[in-house]
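# Tertiary structure, described
Letter by letter, the chains look like this.
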Amino acid sequence: MKHFLFVLFISVFSHSAFAEQPLTKALTEQYFSAINYVEKIQKKYPELAQAMNGLSFNDKDKFLSTVKTFSSYTEIDSAIKTTGLSGGVEQLYDLSVRIMGGVMSAQMEKMPEGTNVDSLLAMKQKAVTEMKNANMPKAMQEKLLKTLKEQEANLVNMAELSKKASTEDKVFVKENLSWIMQNLPKGE
């Protein structure tokens, strides 16, 4: 019985430990091919492009459940699978998060010494305070506040994606950053 439990534990642990294949050029090329297919489908369905632009990558379950409601979901999933990504939309999502996490990590490493997300958020807060004290017109204040809130959300997302990236993914992305940046879609 002990032997059976040990084997069961090892097989479960092995499956979960090796379920996520480290990023490679071949896997990343499949990702880029899948993204190209999705972009072609978006051109066929303009409402799809608009709906996808509003989606957030912060909540995987919400993202996937929303995408599954699209009338073109089956077409999207099938197109992704033709690239060799057998997990379809879900695998494309996971790769997107991993690649963007690696990119964000590499970009954060390039920040000047002593600069991190917390210091950038503090600078943003200081800008908000200065703006409020500057007696600028209300409409201009609201527009700038909206922009600053979007920047704050992007910084927080950047930090979260960077934290989620595995060490292997970070190393791969760092070593291949210029190639990845050349191949990422313009909106990424």
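Just above sits the structure.
Heads up: these notes are all about the structure in this document. Everything quoted here is computed from the prediction, not taken from an experiment.

Thresholds applied
- Each chain carries its own residue numbering, running from 1 in the written order of its sequence.
- Totals for whole chains, interfaces and linings use every residue, but because this is a predicted model, local features are given only for residues with pLDDT of at least 70 and side-chain atom pairs only at 80 or more, for both listing and counting.
- The basis for every side-chain value is the complete set of non-hydrogen atoms in the structure, without hydrogens or water.
- Each helix is a run of DSSP H or I of at least 4 residues and each strand a run of E of at least 2, with the numbering of both proceeding from the N terminus.
- Working definition: with a 1.4 Å probe on protein chains only, accessible area under 20% of the residue-type maximum means buried, over 50% means exposed, and in between means partly exposed.
- Here, two residues are considered to be in contact whenever any of their heavy atoms come within 4.5 Å of each other.
- Note on areas: Shrake-Rupley with a 1.4 Å probe; residue coverage comes only from the protein chains shown.
- Take the buried residues of types Ala, Val, Leu, Ile, Met, Phe, Trp, Tyr and Cys, join any two whose side-chain atoms come within 4.5 Å, and each joined set is a nonpolar core.
- Put simply, two rings from Phe, Tyr or Trp (the six-membered ring, in Trp's case) pair if the centres are within 6.5 Å, and we call them stacked under 30 degrees between planes, edge-to-face over 60, tilted for the rest.
- We call a charge positioned over a ring when the NZ of a Lys or the CZ of an Arg lies within 6 Å of the ring centre and within 35 degrees of the ring normal.
- Here the arc refers to the directions that run from the helix axis out to each C-beta atom.
- Each axis is a line fitted through C-alpha atoms, taken for helices only over the stretch in contact, and angles between the N-to-C directions span 0 to 180 degrees.
- Geometric relationships in this document are graded by angle, where less than 35 degrees denotes roughly parallel, more than 145 denotes roughly antiparallel, 65 to 115 denotes roughly perpendicular, and other angles denote oblique.
- Each crossing gets its handedness from the near helix: less than a right angle anticlockwise from the far helix is left-handed, clockwise is right-handed.
- Polar here means any residue other than Ala, Val, Leu, Ile, Met, Phe, Trp, Tyr, Cys and Pro, which are nonpolar, and Asp, Glu, Lys and Arg, which are charged; Gly is therefore polar.

Along the protein, the regular secondary structure elements total 10 helices and zero strands. From first element to last, N terminus to C terminus, the protein shows the α and β order α-α-α-α-α-α-α-α-α-α. Relative to its 188 residues, the protein shows a buried fraction of 34%. Nonlocal contacts in the protein, meaning residues at least 24 apart in sequence, comprise 72% of its contacts between residues at least 6 apart. As presented, the protein carries roughly 12400 Å² of accessible surface, and 56% of it is formed by carbon and sulfur atoms.

This brings us to the nonpolar core. The biggest cluster of nonpolar side chains holds 41 residues, and the ones touching the most others in it are Tyr31, Ile80, Leu92 and Ile180. Elements with a minimum of two residues in this core: α2 (25-44), α3 (46-53), α4 (60-67), α5 (73-81), α6 (88-109), α8 (138-164), α9 (167-175) and α10 (177-183). The contacts of isoleucine 180, once residues within four sequence positions are left out, are Thr28, Phe32, Ile99, Val103, Phe172 and Val173.

On to the side chain of aspartate 77, then. Within the secondary structure, aspartate 77 is located in helix α5. Apart from residues no more than four positions distant in its own chain, aspartate 77 is found in contact with Gly87, Gly88 and Val89.

So, about the packing of aromatic side chains. Summed over the entire model, instances satisfying the criterion amount to three aromatic pairs. Between phenylalanine 63 and tyrosine 93, the aromatic rings sit 5.1 Å apart at their centres with planes inclined by 40°, giving tilted as the arrangement. Of this pair, phenylalanine 63 sits in helix α4 while tyrosine 93 is found in helix α6, placing the two residues 30 residues apart along the sequence. Looking at phenylalanine 63, the relative accessible area reads 8%, which means it is buried. An aromatic cluster is defined as three or more aromatic residues linked by ring pairs; in this entry it consists of Tyr31, Phe32 and Trp179. Over the ring of tryptophan 179 we find lysine 25, and its NZ or CZ is 4.5 Å from the ring centre.

The next thing to look at is α9. Among all positions of α9, only Asp169, Phe172 and Val173 are buried. Considered in projection along α9, the buried side chains sweep an arc of 95° and stay on one side of the axis. Relative to its buried face, α9 has exposed residues pointing more than 90 degrees away, namely Thr167, Lys174 and Glu175.

Let's shift gears to the packing of α4 against α6. With their axes 11 Å apart at the nearest point, α4 and α6 run at an angle of 140° to one another. On the basis of the axis angle, α4 is oblique to α6. Helix-helix and strand crossings are classified by hand; for α4 and α6 the assignment is right-handed. Taking contact as the criterion, the partners of Lys60, Phe63, Leu64 and Val67 in α4 are, on α6, Val89, Glu90, Tyr93 and Asp94. Split by residue class, the contact of α4 with α6 holds five nonpolar, no polar and three charged.

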